[in-house]
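# Descriptive structure summary
Here are the chains, one letter per residue:
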Amino acid sequence: MKRYRGFGLEIDSELDLPAFVGGDLTKPADVVISLGPIAPPNRSATAVTRWARASASGVWLTLDDGELIHIRNGNEITIQPSSRGSESTQRQVFLMASGFGTLLQQRGFLPLHGGAVATPSGMVGILGVSGAGKSTTTHALVRHGFPLVTDDILAVDASGARPCAHPAYAALKLCGDAIERFDPDHDFEPVRSANDKYRVPTEMFATGESTLRALYVIRRRPNAEVSIRPVKPSGAFRLLDRETFRRELLAAQGFRAAAFASLTEVARSVPVYVLNRPIEGSSHVAVEQAMLDHLN
Amino acid sequence: MATEQQLTLSNSEMICRSDDQVSVDLDGETVLLHTETGRYFTMNEVASAVWNLLVHPMSTADLLDGVKAEFDPPEAGDMSEDLLRFLTRLVTIGVLSRS
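Residues numbered from 1 in each chain as written. Chains lettered and ligands numbered in written order. Predicted model: local features only at pLDDT ≥ 70, side-chain atom pairs only at ≥ 80, totals over all residues. Heavy atoms only, no water.

### As for the packing of aromatic side chains
All names here are of chain A.
- Per the stated rule, a full pass over the model turns up ten aromatic pairs over all chains.
- Taking the centre distance of 5.3 Å and the plane angle of 80° together, the rings of F7 and Y169 count as edge-to-face. Here F7 is found in the loop between β1 (2-6) and β2 (9-13), whereas its partner Y169 is found in the loop between β14 (164-165) and β15 (171-175), with 162 residues between them in sequence. Here the two residues F7 and Y169 agree in accessibility, since each one is buried.
- Ring centres 5.7 Å apart and planes at 80° place the aromatic pair F237 and F260 in the edge-to-face group. (Phe/Tyr/Trp six-rings, centres within 6.5 Å; stacked < 30°, edge-to-face > 60°. Helix = DSSP H or I, 4+ residues; strand = E, 2+ residues; numbered from the N terminus. Buried < 20%, exposed > 50% of the residue type's maximum accessible area, 1.4 Å probe, protein only.)

### Details of the interface of chain B and chain A
- Taken together, the contact between chain B and chain A spans twelve residues of the former and 14 residues of the latter.
- Summing the contributions of chain B and of chain A, the shared interface buries around 1,200 Å²; its carbon and sulfur component is 69%.
- Sorting the residues of chain B by area buried against chain A places B:L26, B:E29 and B:Y40 first, and these three jointly supply 49% of that buried surface.
- Counting the contacts that link chain B with chain A gives one salt bridge.
- Counting the contacts that link chain B with chain A gives five residue pairs in polar contact (both at pLDDT 80 or more).
- Among the secondary structure elements, those contributing two or more residues to the side of chain B that touches chain A are β2 (21-26), β3 (29-34) and β4 (39-42) of chain B.
- In terms of residue class, the side of chain B that touches chain A is made up of seven nonpolar, two polar and three charged. (Contact = heavy atoms within 4.5 Å. Buried area = accessible area lost by both parts, 1.4 Å probe. Salt bridge = Lys/Arg side-chain N within 4 Å of Asp/Glu carboxyl O. Polar contact = N/O pair within 3.5 Å; in protein donor to acceptor, adjacent residues only side chain to side chain. Nonpolar A, V, L, I, M, F, W, Y, C, P; charged D, E, K, R; others polar.)

### Some thoughts on helix α7 (residues 284-295) of chain A
- Its twelve residues give α7(A) an end-to-end C-alpha distance of 16 Å, which sits within 8% of 16 Å, the value for a rise of 1.5 Å per residue.
- Listed in full, the buried residues belonging to α7(A) are A:H284, A:V287, A:E288, A:A290, A:M291, A:L292 and A:L295. (Expected span 1.5 Å × (residues − 1).)

### Digging into the confidence of the model for chain A
- Looking at chain A, the pLDDT average stands at 89 and 89% of residues meet or exceed 70.
- For residues 182-186 of chain A, every residue scores under 50 in pLDDT, and the model assigns this stretch eight contacts once sequence neighbours within four places are set aside. (pLDDT = per-residue confidence, 0-100.)

### Focus on unusual backbone geometry
Residues and elements named next belong to chain A.
- Despite not being glycine, D152 has its phi angle at roughly 85°, a positive value.
- In this model, N223 sits at a positive phi of 55°, which is unusual for a non-glycine residue.
- Mapping N223 onto the fold places it in the loop between β18 (210-221) and β19 (227-231).
- Exposure remark for N223: the relative accessible area of 65% places this residue in the exposed category.

### Examining the packing of helix α4 (residues 233-242) of chain A against helix α6 (residues 256-269) of chain A
Residues and elements named next belong to chain A.
- Remark: α4 packs on α6, axes separated minimally by 9 Å, with the N-to-C direction vectors making an angle of 135°. If you check the angle between α4 and α6, you find them oblique. The element α4 and its partner α6 pack so that their crossing is right-handed. Facing P233, A236, F237, L240 and D241 of α4, the residues of α6 in contact are R256, F260, L263, T264, V266 and A267.
- For the contact of α4 with α6, a count of residues per class yields eight nonpolar, one polar and two charged. (Axes fitted to C-alpha atoms, helices over the stretch in contact; angles between N-to-C directions. Parallel < 35°, antiparallel > 145°, perpendicular 65-115°, else oblique. Left-handed = near helix turned anticlockwise from the far one by under 90°.)

### So, the sheet that holds strand β1 (residues 14-17) of chain B
Residues and elements named next belong to chain B.
- In space, the three strands of this open sheet follow the order β5-β1-β6, with antiparallel pairing throughout. For this open sheet the edge positions go to β5 (58-59) and β6 (96-98), each flanked by a neighbour on one side alone.
- Where β1 lies against β5, two bridges are found, and the strand directions are antiparallel. Looking across to β5, one finds that I15 is bridged to M58. (Pairing = 2+ DSSP bridges.)

### Let's talk about the nonpolar core
All names here are of chain A.
- Ranked by internal contacts, the top residues of the largest apolar core, which has 34 residues, are L154, L215, F237 and V266.
- Residue contributions to this core peak at five residues, all from α6.
- Among residues more than four places away in sequence, those in contact with V266 are L110, V156, A158, P163, L215 and L240.
- In this structure, I11, I79, M96 and A155 belong to the second largest nonpolar core, which totals 33 residues. (Core = buried A, V, L, I, M, F, W, Y, C linked by side-chain atoms within 4.5 Å.)

### A few points about the pairing of strand β7 (residues 58-62) of chain A
All names here are of chain A.
- Taken across its five residues, β7 has four buried, putting it largely inside the fold.
- Across four bridges, strand β6 (residues 52-55) lies against β7 in antiparallel orientation. Counterpart to R53 in the pairing with β7 is W60.
- Hairpin connection between β6 and β7: a loop of two residues separates the two successive antiparallel strands.
- Hairpin remark: β7 followed by strand β8 (residues 68-72), antiparallel, with five residues in the connecting loop; positive phi at G66, about 100°.

### Focus: the sheet that holds β4(B)
Residues and elements named next belong to chain B.
- Reading across the sheet, the three strands line up as β2-β3-β4 and stay open at both edges, with antiparallel pairing between neighbours. The sheet terminates laterally at β2 and β4, the two strands that pair on one side only. The mean inter-strand angle of the sheet, taken between neighbouring strand axes irrespective of direction, is 20°.
- In the sheet, β3 pairs with β4 via four bridges, with the strands oriented antiparallel. Paired with L33 across the strands is Y40, a residue of β4.
- Here helix α2 (residues 45-53) sits on the sheet in contact with β2 and β3, set at roughly 65° to β3.

Given below as structure tokens:
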């Protein structure tokens, strides 16, 4: 077993989890990740996608080669390799995305799709659909001195007085062209089965939980000028619902009401902005500048 | 499943918020969860004001009086029709019950 720390959780794992930092062995484990046999989904489980089944007893993910991942109780992830016994090439990607996304839902977090950095006055989340430029923008902010909080999944805890989040993934997944803009001689490890994505470790990693200062939702629009505008709470609710990580799995596990409570709390108490950028051409420099101006 | 015809509300019927919903006011606009289907709905400020009047069970006629008092509309006749259409829609969605 190895000990890792992410999302404010102490994680014991039989597998290497290079995206997390090391944990504290003097503390009890909150989550255990192990290899072993898995009971198949029960009859009441809903087929949520081609590869995911869910019920109140957890979520089962089926990988391409037959490997199974079962996430349950918010504290247990079990991986059953295929009958061939070899490790699935999709394992890390599924584990770190849908696997942890589901586990966080089971623990009552609201996982949002995006990255985040830390600022002296709280964490700043960068959200948006795939291809919006979340990781590239997050990476740009890290280069300007804001410690990285997470990439891909921002797990919001909306149960306290103010919504807050914990540092999670200590590495960014960047597109090849995004890396070359910053570091043409890179030698980063490719993320398995993610097209042209590389894992970029960062030394600038945030420590400790913090309240959310603001959330930015990046949207690409035809011929849009790069601009940032505030969104009123009801609009923020709709936007954040769309940016909720694997929201179809939330519903199938019976967490819709809990997610609704978290969404309304975040929409009410955290400033939400839309960052518009054009679909066409290269606008990353303007986006970076707009974000820095807005944060300073 | 009741048909649209059966659901059309009359002017004196008693209505109340359904037990199958949770609503939250966000700066004067209501967001709603229909717990049975898991669907979300958002209401604009006018619809939210009507929803806020529905804290207790009341007749559609009393609700109309309340809405008139709140908005002071120039043509109350049109308002009544719009209001009944809106309430019928809420019943269809499942967030409003006829009691």
